[in-house]
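If you want the building blocks of each chain, they are given just below.
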Number of protein chains: 2
Amino acid sequence: MNPWQIVREGYNPAEAADNGNRFLIGNGFMGIRGTLEEYRLENQVAINLAGVYDRAKNQTWREPVNAPNGLYASLENVGNIISHTQALDIRYGIHTRETMYTHAFLKISRFASMAEPNVIYQQIIVEPKNSPITLVCGIDADVWDINGPHLMDMHSEGGEVLKVSATTYEQNIPISTSETCNKPHDELRTMGHSIYRVFHIKEPFVLDRVITINAAPVFSTYESGLKPHKNTWETLWKNSQVKIIGDENAQLSLNYSMYHLHCIAPRHGDNVSIAARGLSGQVYKGAVFWDTEIFLMPFFTLTEPALARKLIHYRIHGLAGAYAKAKEYGFDGAFFPWESQDGGTEGCTDFNIVDVFTNRPVRTFFRDKQIHISGDMVYALCQYMDWTGDEKLWQDGGRTLTEACAKFYLSRAYQRVHRDTLEFTDVVGPDEYHERVDNNAFTNRMAAYTLEKAGMKHTVRKPRINNGIIEQFDGYFALEDISLDIVRSRLKHPKEYWGTQSGVAFATQIIKQADVMALVNLFPSEFSDEDVKKNWLYYEPRTEHGSSLSACMYALGACRFGRADLAYPFFLKSARADLDGGGKSWAGNVYIGGTHPAAAGGAYMIATQGFGGLRLNGNQPQLNPCLPESITALTFPFMFQGKPMEAHITREKHSIIS
Amino acid sequence: MNPWQIVREGYNPAEAADNGNRFLIGNGFMGIRGTLEEYRLENQVAINLAGVYDRAKNQTWREPVNAPNGLYASLENVGNIISHTQALDIRYGIHTRETMYTHAFLKISRFASMAEPNVIYQQIIVEPKNSPITLVCGIDADVWDINGPHLMDMHSEGGEVLKVSATTYEQNIPISTSETCNKPHDELRTMGHSIYRVFHIKEPFVLDRVITINAAPVFSTYESGLKPHKNTWETLWKNSQVKIIGDENAQLSLNYSMYHLHCIAPRHGDNVSIAARGLSGQVYKGAVFWDTEIFLMPFFTLTEPALARKLIHYRIHGLAGAYAKAKEYGFDGAFFPWESQDGGTEGCTDFNIVDVFTNRPVRTFFRDKQIHISGDMVYALCQYMDWTGDEKLWQDGGRTLTEACAKFYLSRAYQRVHRDTLEFTDVVGPDEYHERVDNNAFTNRMAAYTLEKAGMKHTVRKPRINNGIIEQFDGYFALEDISLDIVRSRLKHPKEYWGTQSGVAFATQIIKQADVMALVNLFPSEFSDEDVKKNWLYYEPRTEHGSSLSACMYALGACRFGRADLAYPFFLKSARADLDGGGKSWAGNVYIGGTHPAAAGGAYMIATQGFGGLRLNGNQPQLNPCLPESITALTFPFMFQGKPMEAHITREKHSIIS
């Protein structure tokens, strides 16, 4: 098994959506879905641009903009497909497709340059068998959009350079795709605003094309572009690769996760972060969720602290949006957006679910009541500072952010008459199937953490504990205690959402995702291994794992009490979320498909914090390994307070070398 | 128009359910649905017993028990129905049906004796035309039950006396129906546990039958029973009749409402009250709602104070149930049941709606969050004491009840950090389409009233007021402001419930019933006529009137600002709720049909407090009339502090004569 190679044999257009995620390439500036070159918008082709948000006509929200597809290429007169392979080199982010047609062989490679943000290189190899073949390649201007077109005033130019340019609907942001190639075409063809070169091919034929997005055209070759691209990837892996000995599948899966994280890391541009679906499309409006702070920050903090700082800075820069949101609800301080868009504005609406039975939007409470979001910011900031020693960030906005979040919590809190304890009522915790609960243990701890870090002395209601089990929220234990299978059997529609007042989970103890388990993992020193075990054994059978954020926390938890065997399947699930596909693509009638960066970040957390047991003890990193049976050794580099370090773990011994 | 007579021509079994309510007779001990004598359980025949609650097998709640139907009678060999009339004398509660068959004429009269609680009199007249006719009459033991059988160990005896006896499933309460008649039968017939007399009739034939429920058989005649019965009714009317001059329809409708109130008044037995569907069946588990305290108490307080005292005493006696409920939710004091059953125990479940799309029960929050219920008790108590001068009731449990309710509110309240004002969050107000709201103006006022009456000094959050409009709850004005028609057009199923998170009303300003309008009417001195007008004009178009409690409050409100023309249709709607039928019989997939005592009580309130404008000014009753155009004069007796008084109102003048 090559741990750097993903391959899929056979031509199956029904897999186009899954493969679009599975074979994604990207360089932080853009993501290019792993669709075939001859595909068009109906197969979810996208060159998805990081940090470019705009409203479509009649939209009330912004979402990411896709650029015209300069990678388009197809053959004419080639007959049927005889064999087909799609492959992804995840060491260097090179996508390749090879197709044997009746009358020709076709191979196309492409990569989004890690060294040149705006540039994509493509090489097309055509080998005709008996008869002449026609290659049509150029810029497809029919852009895939989930919610209506974003690009207006589109026009195209052809010649030595092909170019399709437009402006976005709302903010008139200019968007352009340009293309050059290293061979003269036989003719130009236009269809609407799309513009193509046509080549009539009789001999084996190699064409190098260079596509630039929002930049001047580049005249170069595939080989010239490849070298600096590979060098950049080498550096990324050198600083981040987790080496797993003894388990090639685990190695491949983890490599794959980290590949995705590197593809979407926003190394270019300021005040940008990472969307919940990465750069795989417009789902969730391209918004940044708590996924970034809780599930992605560990990876970047340990392997690329400057990027981690950038992610935090996105939130500091976004304080204005958080102040505005708090004010909107009559609170003080900073209430961060549940779905943060450009400038840190809230992108989440009050209606996140479309009921499958009535096709009506249903009022949900993610936006207004999932208040742990502000504490998540403070948590990520402080974790970042602890690991990097970057105290300067406290002065550069960290303190302001922390105090603003504390003010928010103080104004949001309630007290019973004649009692001092703060309560946080009517909230949504990580488990979104139970909306509007009181004193969610996770939320209360995040609020208390925030108040502590801001130097405020207040007691926050601690959770009820029954025989060691932390009650997820007030009254949780009184809910119907029934098996996941029975709850699932009550569904009346395959796409039905489990939450909301009418959903199957609402009145039961079945939860969507790790909630108490997230609490015990984020505050490891406050819960004994035995505590973690008891809560794991209680909550895991009651968890649907309906979110890609869930598996990671259960894997981490299992490692706490020495059960790598329980952790291992969750590790694979997390690491292979986009490789295996099959996750939920629908929440009611709302499409939520795309890549799952938080699962990828979670896989890294499991490998390093779970299997490796890396955590801070006082002010020093320490290992508490819990290796799965199949893994004989684990090695990984990481940065600690400006110094590169390396963890070495075998079943017999472990050490951190600095 | 005879204002004491309800008549329906024509034989239509499809109307059986509506007629069962429309032609109900009763004497407080029992209600007898206005079904025809030949009907059986499939047509909702019931002799519904006041205050007898029991669980059916596999039930988790109690509901009222129906007795075997001793009124059963049918003719054989009579041919087809040629003409048919069903009539109700509402002055004396006498139900009559007359049917002309091909081969015979049949007339049956019946009344539930107001003078003898356990006794029903029936007279059957049969006139054969050409051929002999067979009359079968006796006790039908197949009892109608919505949720499974309640009667066990049933057995029957025949002879001079027919008797079917049984015991209830849970508590083994003995239930029996006995029958005597004044003619010897030709044969006895049994079918299962049912037992019938058979008469072969060749000549005009009159049979008097006396049916007793849970009592020894009575040997008597129809005429002998009729006299004391009529005398008792005469007294009731003397003390209560509202005389309307100029509008016979209004007079009939109001008489009809008051007839129903007299039929269900619990003059027998202790610690009983009035169920939300009166004595018309098992709907709502026979439970007592706030309907009694807010919508029925004015009628009884003004016309029969001893009965009003009994209704209050039911709640004082039920304090144990209210203490238990408060404790169950972790609160102090008395949290009264939303659906109070025998002994004041809570009969409401957490699942009041069955979703029409999934057929699954939906978690609703009437039981745990409709906390105005405790304040409603205090309000009714204090109103009763103000009108009757019965200060003794304060010592006889009134004070205990008030203080216990105040303790409940104090423990349920929240305060913002560093603020003293009490807030009541996460409640359901009268408008049940918006569950889990904060600071419902009605609820907050009821809580504040309770605290005041208990002598506790606390400030409760006052409602936000925008241009004179009271905000129903925090954030109501921010909800989608859209017409009732548009909201209705969004329904996808005729029985769909409008409330709950997925319902069409939830995220809009469309409300189920009077809420702010209930507030301004219950606290008339706190709102100017202009305030009432502004709020009426705002809220009425936003009200679906999906509850029979709604029309009354809007009629009262309109009278406050001199618009009897606006009040009048709501008066008729309220007074004729059971006469016209057509109200909602379904909440999702749950059957909620039956009579509507609160609408009847509301009609009385409109006539006396609205059209008559009767209210207390300081410690004296006062009239502020607002007569509809069609009504030239209004007269009614009432009791004030132990003294009989009479209100006389014409368009020119008005006076209270004592």
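Residues numbered from 1 in each chain as written. Chains lettered and ligands numbered in written order. Predicted model: local features only at pLDDT ≥ 70, side-chain atom pairs only at ≥ 80, totals over all residues. Heavy atoms only, no water.

J.: I tried to follow the packing of aromatic side chains on my own but got confused; where do I start?
T.: The way to describe two aromatic rings as a pair is by their centre distance and the angle between their planes. A complete count under the given rule lists 82 aromatic pairs over all chains for this structure. Plain terms: the ring middles of F111 of chain B and Y121 of chain B are 5.1 Å apart, the flat faces sit at 20° to each other, and that makes the pair stacked. Highlighted residues: F111 of chain B in strand 9 (residues 104–112) and Y121 of chain B in strand 10 (residues 119–128), separated in sequence by 10 residues. On the basis of relative accessible area, Y121 of chain B is assigned to the buried category, the value being 2%. By way of ring pairs, the aromatic residues Y284, F289, W290, F295, W338 and F442 of chain A are connected into one cluster. Of note, R416 of chain A hangs over the ring of Y414 of chain B, and the distance from its end group to the ring centre comes to 3.9 Å. Taking NZ or CZ as reference, R445 of chain B lies 4.5 Å from the ring centre of F523 of chain B, over its face. (Phe/Tyr/Trp six-rings, centres within 6.5 Å; stacked < 30°, edge-to-face > 60°. Helix = DSSP H or I, 4+ residues; strand = E, 2+ residues; numbered from the N terminus. Buried < 20%, exposed > 50% of the residue type's maximum accessible area, 1.4 Å probe, protein only. Lys NZ or Arg CZ within 6 Å of the ring centre and 35° of its normal.)

J.: Got a minute to help me understand the relation of the copies chain A and chain B in this structure?
T.: The relation between the two chain copies is a rotation about an axis coupled with a shift along that axis. Mapping chain A onto chain B is achieved by rotating through 180° and translating by 0.1 Å along the same axis, at an RMSD of 0.0 Å. Between the two chains, the operation in question is that of a two-fold axis. If distances are taken from each C-alpha of chain A to the rotation axis, the shortest is found for Q415 of chain A, at 2.6 Å. Here 100% of the contact residues of chain A are again contact residues in chain B; the copies associate through an equivalent surface. (Least-squares fit on C-alpha atoms with pLDDT ≥ 70 in both. Contact = heavy atoms within 4.5 Å.)

J.: How do you make sense of the sheet that holds strand 30 (residues 654–657) of chain B when you look at a structure like this?
T.: Working definition: the strands of a sheet are paired by backbone hydrogen bonds and lie parallel or antiparallel to each other. Residues and elements named next belong to chain B. Judged by pairing direction, the sheet is antiparallel, and its 4 strands sit side by side in the order 18-28-29-30 without closing on themselves. Each edge of the open sheet carries a strand with a single partner, namely strand 18 (243–245) and strand 30. Strand-to-strand, the axes of this sheet are offset by a mean angle of 15°, without reference to chain direction. (Pairing = 2+ DSSP bridges. Axes fitted to C-alpha atoms, helices over the stretch in contact; angles between N-to-C directions.)

J.: Looking at this model, I keep getting lost on the nonpolar core. Mind explaining?
T.: Burial of nonpolar side chains together is a common tendency in soluble globular proteins. Core analysis: the biggest nonpolar cluster contains 188 residues, and F300, F571 and F611 of chain B have the highest contact counts within it. Counting residues per element, this core draws most heavily on helix 8 (residues 372–388) of chain B, which supplies 10 residues. Within the second largest apolar cluster, 187 residues are counted, among which are L162, Y259, L311 and L519 of chain A. (Core = buried A, V, L, I, M, F, W, Y, C linked by side-chain atoms within 4.5 Å.)

J.: Got a minute to help me understand the packing of helix 4 (residues 290–303) of chain A against helix 17 (residues 597–611) of chain A in this structure?
T.: To describe two helices that pack against each other, one gives the angle between their axes and the distance between the axes. All names here are of chain A. The geometry of helix 4 relative to helix 17 is characterised by a closest axis approach of 8 Å and an angle of 50° between their N-to-C directions. As summarised for this structure, helix 4 and helix 17 are arranged oblique, according to the angle between their axes. Handedness of the crossing formed by helix 4 with helix 17: left-handed. Residues D291, I294, F295, L296, P298, F299, L302 and T303 of helix 4 form the contact with helix 17, whose participating residues are P597, A598, G601, G602, Y604, M605 and Q609. Among the residues making up the contact of helix 4 with helix 17, the classes are represented as 10 nonpolar, 4 polar and 1 charged. (Parallel < 35°, antiparallel > 145°, perpendicular 65-115°, else oblique. Left-handed = near helix turned anticlockwise from the far one by under 90°. Nonpolar A, V, L, I, M, F, W, Y, C, P; charged D, E, K, R; others polar.)

J.: For this particular structure, what's the right way to read the packing of helix 9 (residues 392–412) of chain A against helix 10 (residues 441–453) of chain A?
T.: Residue and element names in this part refer to chain A. The geometry of helix 9 relative to helix 10 is characterised by a closest axis approach of 8 Å and an angle of 130° between their N-to-C directions. By the angle between their directions, the pair helix 9 and helix 10 is classed as oblique. In this structure, the crossing between helix 9 and helix 10 has a hand that is left-handed. For the pair helix 9 and helix 10, contact is made by W394, T402, C405, A406, Y409 and L410 and by A447, T450, L451 and K453, respectively. Partitioned by chemical class, the residues of the contact of helix 9 with helix 10 number 7 nonpolar, 2 polar and 1 charged.

J.: Can you walk me through the interface of chain A and chain B in this structure?
T.: Often, the extent of an interface is quoted as the loss of accessible area on bringing the components together. Facing the 39 residues of chain A at the interface are 39 residues of chain B. When residues of chain A are sorted by the area they lose upon contact with chain B, R360, Y414 and Q501 of chain A head the list and together hold 26% of the total. For the interface between chain A and chain B, the tally reads 2 salt bridges. The closest approach of N and O atoms between R360 of chain B and E496 of chain A, which form a salt bridge, is 2.4 Å. Between the two partners, chain A and chain B, sit 24 residue pairs in polar contact (both at pLDDT 80 or more). (Buried area = accessible area lost by both parts, 1.4 Å probe. Salt bridge = Lys/Arg side-chain N within 4 Å of Asp/Glu carboxyl O. Polar contact = N/O pair within 3.5 Å; in protein donor to acceptor, adjacent residues only side chain to side chain.)

J.: Can you walk me through empty space enclosed by the protein in this structure?
T.: Once rolled over the atoms, a probe with the size of a water molecule shows which space is left empty. Inspection of every chain in the model, using the stated rule, returns 13 cavities of 30 Å³ or more. By volume, the largest cavity amounts to about 280 Å³. Around the largest cavity sit 29 residues that line it, and D355 and S502 of chain A together with D355, F357 and S502 of chain B are the ones nearest its centre. Classifying every residue of the lining of the largest cavity by side-chain character gives 12 nonpolar, 11 polar and 6 charged. Considering only enclosed or pocket space, the second largest cavity measures out at about 170 Å³ in volume. Forming the boundary of the second largest cavity are 21 residues, of which A50, G51, Y53, S273 and A275 of chain A lie nearest the centre. Counting residues per element, the lining of the second largest cavity draws most heavily on strand 4 (residues 47–54) of chain A, which supplies 6 residues. (1 Å grid on protein atoms, 1.4 Å probe; cavity = no way out; pocket = protein on both sides within 12 Å on 5 of 7 lines; lining within 4 Å. Points joined across faces, edges and corners; volume = space filled by probe spheres on them.)

J.: What is the right way to look at the sheet that holds strand 17 (residues 205–213) of chain A in this model?
T.: Residue and element names in this part refer to chain A. Reading across from one edge, 1-7-8-9-10-17-14-13-12 is the order of the 9 strands in this open sheet, with antiparallel pairing throughout. Two strands lie at the open edges of the sheet, namely strand 1 (5–9) and strand 12 (151–157), each paired on one side alone. Strand after strand, the sheet turns through a mean of 15° between neighbouring axes, direction not considered. Where strand 14 (residues 174–181) lies against strand 17, 5 bridges are found, and the strand directions are antiparallel. What sits directly across from E179, in strand 17, is I211. Across the sheet, helix 2 (residues 222–240) is in contact with strand 8 (94–101), strand 9 (104–112), strand 10 (119–128) and strand 17; its angle to strand 9 comes to roughly 40°.

J.: Hey, could you run me through the side chain of R277 of chain B in this one?
T.: All names here are of chain B. Mapped onto the secondary structure, R277 falls in the loop between helix 3 (248–264) and helix 4 (290–303). Look at R277: it is buried, it has no salt bridge, and the nearest opposite charge is D291 at 5.6 Å. With near-sequence residues (within four places) excluded, R277 lies in contact with V283, Y284, I592, G593, G594, T595, H596 and P597. (Lys, Arg positive; Asp, Glu negative; His and termini not counted.)

J.: Mind showing me how you'd approach unusual backbone geometry here?
T.: Backbone geometry follows two general trends: most residues other than glycine have a negative phi, and most peptide bonds adopt the trans configuration. Its identity as a non-glycine residue notwithstanding, D426 of chain A has a phi of 55°, on the positive side. Mapped onto the elements of the fold, D426 of chain A is located in the loop between strand 21 (414–416) and helix 10. Taking the relative accessible area as the measure of exposure, D426 of chain A reaches 7% and is therefore buried. In this structure, R436 of chain B is a non-glycine residue whose phi angle is positive, near 60°.

J.: How do you make sense of the pattern of salt bridges when you look at a structure like this?
T.: Where side chains of opposite charge bring their charged atoms close, a pairing between them can arise. All names here are of chain A. Enumeration according to the criterion identifies 82 salt bridges over all chains in this entry. Here E170 ties to R62 by a salt bridge, and the two come within 2.8 Å at their closest N and O atoms. In this pair, E170 sits in the loop between strand 13 (162–168) and strand 14 while R62 sits in the loop between strand 4 and strand 5 (63–67), placing the two residues 108 residues apart along the sequence. Judged by its relative accessible area of 29%, E170 falls in the partly exposed class. Residue classification places R62 among the partly exposed positions, given a relative accessible area of 21%. Connected through salt bridges with shared partners, the residues R416, E423, R461, R464, E471 and D474 form a single ionic network.

J.: Just checking my understanding: could you explain the confidence of the model for chain A for this structure?
T.: In regions of low pLDDT, the predicted coordinates are not meant to be interpreted in detail. Residues of chain A with pLDDT of at least 70 account for 99%, and the chain-wide mean is 96. Under the prediction, the complex receives an ipTM of 0.90, its pTM being 0.93. (pLDDT = per-residue confidence, 0-100.)

J.: Honestly, the pairing of strand 6 (residues 69–76) of chain B in this entry has me stumped. Any pointers?
T.: Sheet faces and side chains relate simply in a regular strand, where the side chains alternate between the two faces. Residues and elements named next belong to chain B. Of all the 8 residues making up strand 6, 7 are buried; the element is thus mostly covered by neighbouring parts of the structure. Note that strand 6 and strand 11 (residues 133–140) share 6 bridges and pair antiparallel. Across the sheet, Y72 pairs through a bridge with G138, a residue of strand 11.

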